[in-house]
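Given next are the chains, with one letter for each unit.
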Amino acid sequence: MSTIAAFYGSKSILITGATGFLGKVLMEKLFRTSPDLKIIYVLVRPKAGQTLQQRVFQILNSKLFEKVKEICPNVHEKIRPVSADLNQHDFGISKEDMDELLSSTNIVFHCAATVRFDDPLRHAVQLNVTATQQLLSMASQMPKLEAFIHLSTAFSNCNLKHIDEVIYPCSVEPKKIIDSMEWLDDAIIDEITPKLIGDRPNTYTYTKALGEIVVQQEGANMNIAIIRPSIVGATWQEPFPGWVDNLNGPNGLIIAAGKGFLRAIKATPMAIADLIPADTVVNLTLAAGWYTAVHRPKSTLIYHCTSGNLNPCNWLKMGLQVLATFEKVPFEKAFRRPKADFTATSFTTHYWNAVSHRAPAIIYDVYLRLTGRKPRVTKLMNRLLRTISMLEYFINHSWEWSTHNTEMLMSMLSPEDQRMFNFDVRQLNWLEYIENYVVGVKKYLLKEDMAGVPEARQHLKRLRNIHYLFNIALFLIIWRLLIARWQTARNVWFFIVSFCSKFLSYFRASSTLKL
Ligand SMILES: CCCCCCCCCCCCCCCCCCCCCCCCCCCCCC(=O)SCCNC(=O)CCNC(=O)[C@H](O)C(C)(C)COP(=O)(O)OP(=O)(O)OC[C@H]1O[C@@H](n2cnc3c(N)ncnc32)[C@H](O)[C@@H]1OP(=O)(O)O
Ligand SMILES: NC(=O)C1=CN([C@@H]2O[C@H](COP(=O)(O)OP(=O)(O)OC[C@H]3O[C@@H](n4cnc5c(N)ncnc54)[C@H](OP(=O)(O)O)[C@@H]3O)[C@@H](O)[C@H]2O)C=CC1
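Residues numbered from 1 in each chain as written. Chains lettered and ligands numbered in written order. Predicted model: local features only at pLDDT ≥ 70, side-chain atom pairs only at ≥ 80, totals over all residues. Heavy atoms only, no water.

(A) Fine view of the pattern of salt bridges. Taken as a whole and judged by the stated rule, the model has 21 salt bridges. The partner of Lys259 in a salt bridge is Glu448, and the shortest N-O contact between them spans 2.7 Å. A residue pair is termed long-range when its members are at least 10 positions apart, and Lys259 in the loop between helix H10 (250-258) and strand S9 (264-266) and Glu448 in the loop between helix H17 (430-445) and helix H18 (453-485) qualify at 189 residues. Residue Arg426 is joined to Asp424 by a salt bridge in which the shortest nitrogen-to-oxygen separation is 2.9 Å. (Salt bridge = Lys/Arg side-chain N within 4 Å of Asp/Glu carboxyl O. Helix = DSSP H or I, 4+ residues; strand = E, 2+ residues; numbered from the N terminus.)

(B) Molecular detail of the UniProt feature "domain: Fatty acyl-CoA reductase C-terminal" (unreviewed entry) in the protein chain. Listed under "domain: Fatty acyl-CoA reductase C-terminal" (unreviewed entry) in the UniProt record, and renumbered for this structure, are residues 357-448. Taken as a whole, residues 357-448 contains 70% helix and 2% strand, while its terminal C-alpha atoms sit 24 Å from one another. (UniProt positions renumbered as here; feature names shortened; annotations may be inferred.)

(C) Geometry of the site of ligand 1. Near ligand 1, the surroundings consist of 32 residues, among which Arg116, Phe117, Tyr204, Leu247 and Gly249 are the closest. With respect to ligand 1, the side chain of Arg116 contributes an N or O atom lying 2.7 Å from an oxygen atom. Contact between ligand 1 and Thr153: an oxygen atom at 3.0 Å from a side-chain N or O atom of the residue. Coverage of ligand 1 by the protein amounts to 80% of the 1500 Å² it exposes when considered alone. Those elements that place two or more of their residues in the shell around ligand 1 are H10, helix H12 (315-328), helix H14 (377-395) and H17. The element that contributes the greatest number of residues to the shell around ligand 1 is H14, accounting for six residues. (Near = heavy atom within 4 Å. Polar contact = N/O pair within 3.5 Å; in protein donor to acceptor, adjacent residues only side chain to side chain. Areas by Shrake-Rupley, 256 points an atom, 1.4 Å probe, with all protein chains shown as cover.)

(D) Layout of the UniProt feature "transmembrane region" (unreviewed entry) in the protein chain. With numbering matched to this structure, UniProt assigns "transmembrane region" (unreviewed entry) to residues 466-486. From the first C-alpha to the last, residues 466-486 spans 30 Å; its make-up is 95% helix and 0% strand.

(E) Representation of the environment of Asp97. On the secondary structure map, Asp97 appears in helix H5 (residues 95-104). Of the residues examined, Asp97 reaches a relative accessible area of 19% and is grouped as buried. Setting aside residues up to four positions removed in sequence, Asp97 forms contacts with Arg80, Val82 and Ser83. (Buried < 20%, exposed > 50% of the residue type's maximum accessible area, 1.4 Å probe, protein only. Contact = heavy atoms within 4.5 Å.)

(F) Structural view of the site of ligand 2. Neighbouring ligand 2 are 26 residues; Thr19, Lys47, Arg55, Tyr204 and Lys208 lie closest to it. Residue Leu86 places a main-chain N or O atom 2.9 Å away from a nitrogen atom belonging to ligand 2. Here an oxygen atom of ligand 2 sits 3.1 Å away from a polar atom, N or O, in the main chain of Val232. With the chains in place, 90% of the 890 Å² that ligand 2 exposes on its own is no longer accessible. If you list the elements that add at least two residues to the shell around ligand 2, you get helix H2 (21-33) and helix H9 (203-218). Residue classes in the shell around ligand 2 are distributed as 13 nonpolar, eight polar and five charged. (Nonpolar A, V, L, I, M, F, W, Y, C, P; charged D, E, K, R; others polar.)

(G) Seen up close, the side chain of Asn157. Examined against the element boundaries, Asn157 turns out to sit in the loop between strand S5 (147-151) and strand S6 (162-163). Polar contacts involving the side chain of Asn157 include one to the side chain of Ser156, which spans 3.4 Å. Setting aside residues no more than four positions away along its own chain, Asn157 makes contact with Ile163, Tyr168, Arg200, Ala209, Glu212 and Arg228.

The following block contains the structure:
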């Protein structure tokens, strides 16, 4: 019997960010391995015209929860959506709901965050720092609380090269930042943002670092752990390989490359691609929750959930496997054939952006306009280039994360738990994982049927033929123009034609002699 699964049975669990990518995988695993758990409270905000119940219903009805519904048929009774907006004071939670949360919760998993890289500092601070502080204040009033698990990121200290499982100070205290957001106006905040974030690339990583300090300060008297995942990718094994549901991280780029929009990217091929599967993160998170509650470590433990030092893989190997999978399982209705290269300098990046990204987009939009349709590719391409510029930092740097606490936790697990809550990335076969990841992007994100693969292949063949025809036509047009305007080109042309005709007459003469 799994000790961890038994631990979560009979517990009341509070999850923030349960509608997000990791939150859903976490909830799924909890229900699947501990179907007898008491209740999961999920803090959800109504969104896109959907009520909380509709949002939760949609999650439970998704493919991700198919196994859960077999194992735990009454899952909908065990999940309690609580209306909450983390941007509001007390999260806008009603008094009755708050009383129930405070009196019943045993474990808190804090997954909610803004993960946007371009969020204005005020918004990122509100969600990643102030809301964390408020949640800790709520947690401090929970008499039955056994553990509080905070999801941070391995990149919270990406301004450093070597990162230990410790909390690093920031130049300005989080409390001062929170206070200043109250009275500074937006223009001033925008002005001071670059100074505050310093050598971090965005407000996301900066506010996640501040969030960690808040957790350490405010949670001193609680059983707390912090999980720092690196780049979270599709699921590796559970509940099935390749599950993914948003465009964050590599996902959007895999689509862009598979559909032939992304043809070149500035990347350091040999830099470590520190990807970590979502189910690995969830297994470590649940194991850490159990360990924190049962073993009550004296200080807040930080767990690096990274792959680089245990099972390193570089961007080149990953990129090539992504491209190899496109050959096997092409995406439908591609814009161009998938083919992507790394660029090394800003000059070559600008060049390929102009030639391989912007020019085809403009040409296609002209074609759309001429055929009476609305041009859209240039806009899409601009958005893609903006996204790439935001992600580029992470594919051109390498980091070393120590994983002592994570390895210690692994050694504390029983063999059964090591199997059931596996977070040992040394067992991960990257090539297999990436293939399943790309197929998962096709199936679960693009909602493309595998039955459409032969037609997708045919489409790529047509694109190849169009490409050849286009190149030949372009060559002939340029050559014709050159001959018309430039004497040297005419001379070269005359030389080639006379050389070919001499070669042909020689060939004809020698074959006649042989006869
Ligand atoms: C399997 C790995 C291999 C990868 C290989 C992929 C390419 C294959 C090519 C092969 C050959 C070449 C090899 C190349 C190898 C290198 C490839 C690099 C890929 C790896 C990228 C690394 C990413 C690292 C990030 C990790 C950092 C830390 C992790 C975390 O802690 S947090 C989670 C990460 N957070 C994010 O990723 C958020 C990033 N997103 C944003 O900040 C914003 O969305 C934005 C990018 C700034 C865009 O903002 P906008 O306001 O312009 O847009 P909005 O968000 O409103 O969306 C508008 C529409 O655009 C769609 N969209 C959003 N995001 C993306 C996206 N990433 N890609 C594409 N499209 C996106 C969105 O859905 C909207 O669509 P609409 O609704 O239809 O309008
Ligand atoms: N994905 C990744 O690559 C990595 C993620 N992490 C960390 O893991 C955690 C989860 O990330 P992930 O699942 O990918 O993120 P998602 O963006 O998928 O999910 C974010 C969650 O936060 C919720 N949320 C955002 N704003 C509010 C709000 N005002 N009130 C209530 N809920 C809100 C969202 O709710 P809604 O659905 O209503 O928007 C959603 O459930 C984060 O803390 C992130 O920093 C760390 C490293 C890498």
